[in-house]
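# Report on the structure
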Amino acid sequence: MEIMSIAVELVVGYFALLILTKVLGKTQITQISAFDFISALILGELVGNSLYDKNISVWPILAAIFIWGSLIFTTEYITQKSRRFRHIMEGTPAIVINKGKIDFKQLKKNHLDLNQLQHLLRAKDIFSVRECEYALLESNGTLSVLKKPMFENVQRADLNIKPDHVSLPLSLIVDGEIVYDNLKIVDQQEEWLLAEINRHGFQSHKEVLYAEWKEGESLLVQGY
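Fair warning: this is a prediction, and the values are worked out from it, not measured in the lab.

## Topic: the overall build of the protein
- Per the secondary structure count, the protein includes 9 helices and 8 strands.
- Excluding contacts between residues fewer than 6 apart, the proportion of contacts in the protein whose partners are at least 24 apart in sequence is 45%.

## Concerning the pairing of strand β5 (residues 170-174)
- Inspection of the sheet shows β5 paired to strand β7 (residues 208-213) by 4 bridges, in the antiparallel sense. Among the inter-strand pairings, serine 171 is bridged to a residue of β7, identified as glutamate 212.
- Here 2 bridges tie β5 to strand β6 (residues 177-178), and the two strands are oriented antiparallel to one another. Residue isoleucine 173 lies in a different strand from β6, and its bridge partner there is isoleucine 178.
- What sits between β5 and β6 in their antiparallel hairpin is a turn of 2 residues, with aspartate 175 showing a positive phi close to 55 degrees.

## Things to note about the nonpolar core
- Among the nonpolar cores identified, the biggest contains 14 residues, and Leu172, Ile173, Leu193, Ile197, Val208 and Val221 are the most heavily contacted of them.
- Sorting the residues of this core by element identifies β5, α9 (190-199) and β7 as the ones contributing at least two each.
- If we skip the residues at most four places from it in the chain, valine 221 touches Ile197, His200, Phe202, Val208, Tyr210 and Ala211.
- By size, the runner-up hydrophobic cluster in this structure holds 12 residues, among which are Ile97, Leu117, Ala135 and Leu143.

## A short note on α9
- Of the residues making up α9, those classed as buried are Leu193, Glu196 and Ile197. Within α9, the buried residues cover an arc of 95 degrees as seen down the axis, which keeps them to one side. For α9, exposure combined with an orientation more than 90 degrees from the buried face picks out Glu191 and Arg199.
- Its buried side turned inward, α9 meets β5, β6, α8 (180-185), β7 and β8 (220-223).

## Some points on the side chain of lysine 147
- Mapped onto the elements of the fold, lysine 147 is located in strand β4 (residues 143-147).
- For the buried residue lysine 147, which engages in no salt bridge, the nearest side chain bearing the opposite charge is glutamate 131, 5.2 Å off.
- Not counting the four nearest positions on each side in its chain, lysine 147 is found in contact with Lys124, Asp125, Ile126, Glu131, Cys132, Glu133, Glu152 and Asn153.

## Points about the sheet that holds β6
- With antiparallel pairing, the 4 strands of this open sheet are ordered in space as β6-β5-β7-β8. The sheet terminates laterally at β6 and β8, the two strands that pair on one side only.
- Packed onto the sheet, α9 meets β5, β6, β7 and β8 and runs at close to 75 degrees relative to β5.

About the thresholds
Residues numbered from 1 in each chain as written. Predicted model: local features only at pLDDT ≥ 70, side-chain atom pairs only at ≥ 80, totals over all residues. Heavy atoms only, no water. Helix = DSSP H or I, 4+ residues; strand = E, 2+ residues; numbered from the N terminus. Contact = heavy atoms within 4.5 Å. Pairing = 2+ DSSP bridges. Core = buried A, V, L, I, M, F, W, Y, C linked by side-chain atoms within 4.5 Å. Buried < 20%, exposed > 50% of the residue type's maximum accessible area, 1.4 Å probe, protein only. Arc of directions from axis to C-beta. Lys, Arg positive; Asp, Glu negative; His and termini not counted. Salt bridge = Lys/Arg side-chain N within 4 Å of Asp/Glu carboxyl O. Axes fitted to C-alpha atoms, helices over the stretch in contact; angles between N-to-C directions.

What follows is the structure in structure tokens.
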């Protein structure tokens, strides 16, 4: 009976969290802030701790998830509508490098030391502060940078080079399985795909680890 009770609570908690995640939207993950991270941890703890408490049934778990989820949803709604409240909850970007000079006051205000700043700059392919003109510390902890003109990457427009046609590469075979949806997008049949992989020495699509199509180029095929 105890195992059955835990199983029921797990299933109910699983679907409740799944529904709540869908309601809250993708920004919980893609644009997660410190508050979002803590709220997600608490939400998981509400379900986790209740599993081993014999005095708590399914309904209190659902009530706790609903109340906490409602608070998070209300907070997200208010932050979307009110710019002032959004600044309070999510913070605002801080200019930590201004015109090539490190702003120590902003570093101190955002609890960021020089080693952490160097790490964030290296993640943006900047290995020297002298290469950076501006650096903004975003509210989610990432760094947005603008290099000095001398260190910027050369663009095609700078060299008057005619731009190439842009096409989206599509996976046609993944782990030995044909991705038929992508095959329809490239307007080809399965027979064409099998003929292409035969040209690369494979007898069946099950022998292919990965196959990628790109317009104007030959099919990329890699076996196991």
